[in-house]
Structure formats: structure tokens, C-alpha cells
Amino acid sequence: MENSKAATTAGVEIIDHKTIGEESLAPQTTRIMDPWSYLFAWLGGCVSIATFTVGSGLVGTLNLLQVVLAIAIGCSVIGAALMINGRAGHKYGIPFMVQCRSSFGFTGNRIPALVRSIPAIVWYGFQSWIGAGALNLVSDALFDYNNIVVFFIGFQFLQIALSVLGFHGIKWLENIGSVFIIGSLIYMFISVINKYGDAISTNLVNVEGTWGAPFWGATMLFLGVYSTMMLNVSDYSRELKKEVGLFRQVAIYANSILPATLFMGLIGLMVTSATGEVDPIKVFSSAVDNKPLLIITMLFIAFAQVTTNILNNVVPPAYALMDIFKIKFKTAAILVGLLAFCTFPWELVKDESAAGLNLFIQTYSAFLGPIFAILVVDYYIIRKQKLDIDKLYDENGPYKGVNMAAIIAMVVGIVVALIFSSISWYASLVPAGAIYWILMKKMPSAQRFMP
């Protein structure tokens with residue numbers, strides 16, 4: 001069935017119905033997710049091995065209480081930020097790539113698209129390798145067959161096949177998987193405590209830790225895992241039923257992200273503090289002694305990578321490719337899956353890579369924070385929450401080219417963020433937002449948007 005469309009007065013087509021895999025950058029009135037489906041989607045999408053790795057990297061820096069509070073603070077900020085920046089998508093039914101046009105311009109929006117897409121593809125490859133490793137362990141236990149390369153290739157093509165289904169596929173994948181995910185997280189958490197309780201008490205509970213800069217840096221690390229989604233949240237919020245209010249949206253985000261982050265982050269922290277091991281496959285296989293339960297645990301890990309990748313790591317770069325190269329969603333989703341092969345994830349999972357991944361999060365957060373600030377200032381202060389949809393889809397209109405005010409503000413924010421690298425996302429917000437607001441007020445419009 002073809003998409004049904006209704007044209008606006010200026011010729012902008014609005015999607016009022018879409019079939020499986022028929023995603024579009026056009027404004028849409030179709031809202032396929034009710035509040036529960038939306039919550040389950042975020043819950044499944046946030047069971048990230050990246051969070052496990054961040055938790056592992058905090059061993060020796062913070063105690064258990066400090067890590068719990070760091071996760072809680074980070075997730076609270078995330079929930080509020082998602083609601084704030086997702087407002088435009090929820091109200092107008094537009095995706096991130098279109099939202100960026102009013103602040104960065106038709107050509108300039110490729111910059112935030114690139115900044116958002118690179119970490120998505122890196123995490124896509126990384127988490128796919130983790131999922132393949134889990135399936136390989138199951139195969140070894142059941143059939144005595146061990147070949148992670150074969151499983152990685154097969155697992156990646158499975159995810160590509162699922163990703164082309166678009167948000168209809170995401171909705172049912174996350175809805176069905178959430179019960180399994182919640183039960184598995186609770187089970188693994190209890191298993192870790194039972195096996196390593198004494199070591200956890202010695203290494204995490206009864207240590208001083210610090211409430212200084214490393215603590216606030218830790219809140220940013222957990223926040224940084226989701227800072228990419230804070231940019232393109234409109235890609236998701238445009239799917240949420242329009243009657244869902246702002247405060248309810250914050251509750252949905254917080255109540256889905258917090259439990260997933262808390263369980264995964266703490267499991268990584270506790271097991272690494274007890275064993276020194278940072279490879280999640282080795283961690284979970286050592287924490288579970290019962291073979292059937294080990295198989296279930298490994299299947300959970302593999303499934304969790306699918307739910308996270310399809311939601312968070314396919315949609316943003318696929319939409320970017322659609323916008324830049326004018327291709328269909330299915331083609332873009334396949335290309336993103338193939339690009340994930342090029343991230344060399346087998347290098348990222350090595351023990352010595354844990355610190356490097358934390359540095360990677362800090363560094364790309366320095367680029368994401370300024371863009372987030374610019375989008376928020378543009379929508380709430382410059383545009384007063386009122387967008388002219390016709391102009392956002394007019395390539396020769398007032399947003400043609402690159403908005404130099406946004407580029408200058410972004411560069412200033414990045415420099416400040418890199419100076420304060422441990423809290424890069426926080427540090428970049430005020431400078432980038434303030435510079436953008438000043439330039440938009442002072443620069444003549446002819447000087448803002450350059451061809």
C-alpha cells in the first residue's frame with residue numbers, strides 16, 4: 001500500500017498514513033505509538049552495552065552510592081532534555097534533519113547529521129559484535145560450534161532485515177521484548193550480587209570515593225551515552241500520540257532510561273570491581289553457573305543489542321542519508337548496516353579499550369552539547385515554538401545554505417567543551433546557546449545564511 005498524503009497550501013506533503021518500512025522526512029500526522037509502546041521502545045533501546053562499559057570504567061573512582069546517584073542525576077537530565085528538544089517533532093511531526101534546517105540551514109544541517117551519525121554507526125558495530133559474541137557462546141555450549149565471525153556477519157544481516165521495517169517494526173520488537181529484558185536484567189543483577197557480594201562490599205561499598213569533579217564527570221558519562229538521542233529525539237517523538245503532555249513525556253523518558261541504565265551500569269561496575277574483567281560476555285558467562293540460565297542470559301544480551309541498534313543506531317544515520325542523497329528509507333537502513341562492518345568492533349571490545357570508549361564518549365559529547373543548545377535556543381527563544389513548515393521544506397527559501405550564526409556558536413561551544421573535557425556536554429551549553437542567540441539578534445539575515 002502506498003503512503004497516503006495530503007498537500008498543504010504551499011505544496012508540502014503531509015503523511016497521514018504510512019505502511020511498514022515507508023518512513024519519510026515529510027511532516028506526518030500519523031502517530032503509531034501510545035504512551036506504553038513509547039516507554040517500552042525507550043526501555044529496549046537503552047539496554048546498552050555502552051552503559052555497562054561506562055560502569056566498568058568507574059572502578060577505583062567512585063563508590064557504589066556515588067555511582068547510583070550519578071546515574072540518577074544523569075538520567076533526570078536526559079529525561080528533561082529529551083522532552084525539551086523533542087517538542088518540535090512531537091508538535092509538528094518533523095524529524096531531526098528537518099528540525100535542524102531553521103537553525104543550521106538546508107546545507108548546514110549536514111553538520112549535525114554527521115556528528116549524530118558517526119557515534120551511532122560506531123555503537124552499531126560495537127554492539128553487534130557483543131551480540132554476536134553472545135550467540136557464539138550459546139552455539140559453543142549447545143553444539144560445540146565456535147565461530148564469532150560467522151555469527152557477527154549473520155547477526156548484522158538479521159538486524160539489517162529488521163531495520164528496514166521502520167517504526168512499525170520497532171514498535172512491536174520493543175513491545176514484545178520489554179518483558180524479557182526487564183526479567184533478564186533483574187536476574188543478572190541478583191546473580192552478580194550473589195556471586196561477588198563480598199568483593200563488591202570491599203571494593204565499592206566500603207570505599208570513600210569522591211564527590212568532586214570525577215563524580216560530576218561520571219554523571220556526564222552516563223548522560224553522554226544518550227546525548228546522541230537528545231539531538232535526534234524528534235525522530236522518535238513524532239511517532240508519539242499527540243495528546244501525550246510534556247510532563248508525561250518526561251516521566252516516560254525517565255522511567256524507561258533509569259532502570260535500564262541503573263542495572264547495566266551497576267552490573268558493569270560491580271563485576272569489574274570484583275574480577276577486573278570488562279568484556280561483558282566474559283562477565284556474564286562467569287557470573288552464571290547454570291548452563292540453561294547462561295544460555296538465556298546470552299540470548300538476552302544478543303536481543304538487547306538488536307533493540308538498541310534498531311531504535312538508536314539505525315534511524316538517525318538512515319534519515320541523514322535520506323536527506324543528503326534523496327534515497328528511500330529501506331536503502332538508507334541497508335547502507336547504515338553495511339557501514340557498521342567498517343567500525344572494526346573486535347578492537348573496541350578489548351580490555352584496553354574501556355578507557356578509550358569513555359574518552360570517545362567525552363569527545364563526541366563536546367560536539368553534541370553545542371548542537372543541542374543551538375536547537376533549543378532556536379526553537380524556544382528565536383522561533384517562540386512556532387515553525388513555518390512550508391519554509392522548512394523550501395530548498396530555495398529563507399533557510400537555504402548554511403547559517404553562519406549556528407556554525408560560529410557550535411565552534412565556540414566545542415572549544416569550551418574540550419577545555420573542560422570531563423564535563424564537556426554541560427560546559428558547552430551556555431556558551432553555544434548564548435553566542436547563537438546574540439548572533440541571531442545582531443547579524444543581518446543576509447549574512448546569516450550563506451550559500
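Refer to the structure printed above.
Residues numbered from 1 in each chain as written. Predicted model: local features only at pLDDT ≥ 70, side-chain atom pairs only at ≥ 80, totals over all residues. Heavy atoms only, no water.

Trainee: Got a minute to help me understand the nonpolar core in this structure?
Mentor: Side chains of nonpolar character tend, in soluble globular proteins, to be buried together. Trp 42 and Phe 167 are the most contacted members of the largest nonpolar core, which totals 133 residues. Here the element with the most residues in this core is helix H14 (residues 291-325); it accounts for 17 residues. With residues near it in sequence (within four places) discarded, Phe 167 still touches Lys 18, Glu 23, Ile 32, Met 33, Asp 235, Tyr 236, Glu 239, Leu 311, Val 315 and Tyr 319. (Core = buried A, V, L, I, M, F, W, Y, C linked by side-chain atoms within 4.5 Å. Buried < 20%, exposed > 50% of the residue type's maximum accessible area, 1.4 Å probe, protein only. Helix = DSSP H or I, 4+ residues; strand = E, 2+ residues; numbered from the N terminus. Contact = heavy atoms within 4.5 Å.)

Trainee: Just checking my understanding: could you explain the pattern of salt bridges for this structure?
Mentor: For side chains of opposite charge, pairing can occur when their charged atoms come near one another. All told, the structure shown has three salt bridges when counted by the stated rule. For Lys 391, the salt bridge is made with Asp 388, and the minimal N-O distance between the two is 3.9 Å. Residue Lys 391 is classed as partly exposed on the basis of its relative accessible area of 37%. (Salt bridge = Lys/Arg side-chain N within 4 Å of Asp/Glu carboxyl O.)

Trainee: For this particular structure, what's the right way to read the packing of helix H8 (residues 148-163) against H14?
Mentor: Helix-helix packing: each pair is described by the crossing angle between the helix axes and the interaxial distance. In the contact formed by H8 and H14, the axes pass within 10 Å of each other and the chain directions differ by 50 degrees. Judged by the inter-axis angle, H8 sits oblique to H14. Here H8 and H14 pass one another in a crossing that is right-handed. Together, Phe 155, Gln 159, Leu 162 and Ser 163 of H8 and Ala 302, Gln 305, Val 306, Asn 309, Ile 310 and Val 314 of H14 make up the contact between the two elements. For the contact of H8 with H14, the class distribution of residues is six nonpolar, four polar and no charged. (Axes fitted to C-alpha atoms, helices over the stretch in contact; angles between N-to-C directions. Parallel < 35°, antiparallel > 145°, perpendicular 65-115°, else oblique. Left-handed = near helix turned anticlockwise from the far one by under 90°. Nonpolar A, V, L, I, M, F, W, Y, C, P; charged D, E, K, R; others polar.)

Trainee: Would you take a moment to explain empty space enclosed by the protein for this structure?
Mentor: To locate leftover empty space, one rolls a probe as large as a water molecule over the atoms. For the structure shown, the criterion picks out three cavities of 30 Å³ or more. Put simply, the largest cavity is a space of about 100 Å³. Together, 15 residues line the largest cavity, and Trp 123, Val 225, Thr 228, Asn 312 and Asn 313 are the ones closest to its centre. Of all elements in the fold, only helix H7 (110-143), helix H10 (213-231) and H14 reach the threshold of two or more residues within the lining of the largest cavity. (1 Å grid on protein atoms, 1.4 Å probe; cavity = no way out; pocket = protein on both sides within 12 Å on 5 of 7 lines; lining within 4 Å. Points joined across faces, edges and corners; volume = space filled by probe spheres on them.)

Trainee: Explain unusual backbone geometry here, please?
Mentor: When glycine is set aside, most residues are seen to have a negative phi, and most peptide bonds are trans. A positive phi is found at Asp 144, a non-glycine position, where the angle reads about 60 degrees. Among the secondary structure elements, Asp 144 is positioned in the loop between H7 and H8. Given a relative accessible area of 66%, Asp 144 falls into the exposed group. Its identity is not glycine, yet Gln 385 carries a phi of approximately 65 degrees, on the positive side. Mapped onto the elements, Gln 385 comes out in the loop between helix H17 (354-382) and helix H18 (389-392).

Bear in mind that shape data such as this cannot, by itself, settle questions of function.
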